[in-house]
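What the coordinates show
One letter stands for each residue in the lines below.
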Amino acid sequence: MDKKEAVKLCICRQCPTYVECNEEIAFCLSTTGKSKCIKKESGCLCPGCPVHEKMGFRKVYYCLRGNEKDQLANK
Ligand code: SF4
């Protein structure tokens, strides 16, 4: 899935943890880093996201803990 499609499907903006900041979104992707603005975990919608499902991702809180690849590598 390319970033363009992922950004269209991403549900981060509906998430209680999300903070609008410089159009940051789709934190799960290896091309996206942690949020520069989100500081606190207040619930995560990632497990219910079509991107998470289509990509077969397993992690959560990408905005704070890092993208799937980094979390799997424990970076
Ligand atoms: S917790 Fe998950 S769904 Fe919520 S903003 Fe962060 S990455 Fe997106």
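Provided above is the structure to which this section pertains.
I will try to describe carefully the structure that is included in this document.

Reading guide: rules and limits
- Residues numbered from 1 in each chain as written.
- Predicted model: local features only at pLDDT ≥ 70, side-chain atom pairs only at ≥ 80, totals over all residues.
- Heavy atoms only, no water.
- Helix = DSSP H or I, 4+ residues; strand = E, 2+ residues; numbered from the N terminus.
- Polar contact = N/O pair within 3.5 Å; in protein donor to acceptor, adjacent residues only side chain to side chain.
- Contact = heavy atoms within 4.5 Å.
- Near = heavy atom within 4 Å.
- Nonpolar A, V, L, I, M, F, W, Y, C, P; charged D, E, K, R; others polar.
- Phe/Tyr/Trp six-rings, centres within 6.5 Å; stacked < 30°, edge-to-face > 60°.
- Buried < 20%, exposed > 50% of the residue type's maximum accessible area, 1.4 Å probe, protein only.

With that settled, consider the side chain of Asn67. Turning to its location among the elements, Asn67 is positioned in the loop between helix 3 (62–65) and helix 4 (68–72). Among the polar contacts made by the side chain of Asn67, one reaches the main-chain carbonyl oxygen of Leu29 at a distance of 3.5 Å. Discounting chain neighbours no more than four positions away, the residues touching Asn67 are Phe27, Cys28, Leu29, Ser30, Thr32 and Tyr62.

A few words now on the site of the ligand. The environment of the ligand is formed by Cys12, Cys15, Thr17, Tyr18, Phe27, Cys44, Leu45, Cys46, Tyr61, Tyr62 and Cys63. Looking at the shell around the ligand residue by residue, the class counts come to ten nonpolar, one polar and no charged.

The tally for this structure, following the rule as stated, stands at two aromatic pairs. Between Tyr18 and Phe27, the ring centres sit 6.5 Å apart and the planes meet at 50 degrees, which makes this aromatic pair tilted. What makes Tyr18 buried here is its relative accessible area of 13%. With a relative accessible area of 2%, Phe27 lands in the buried category.

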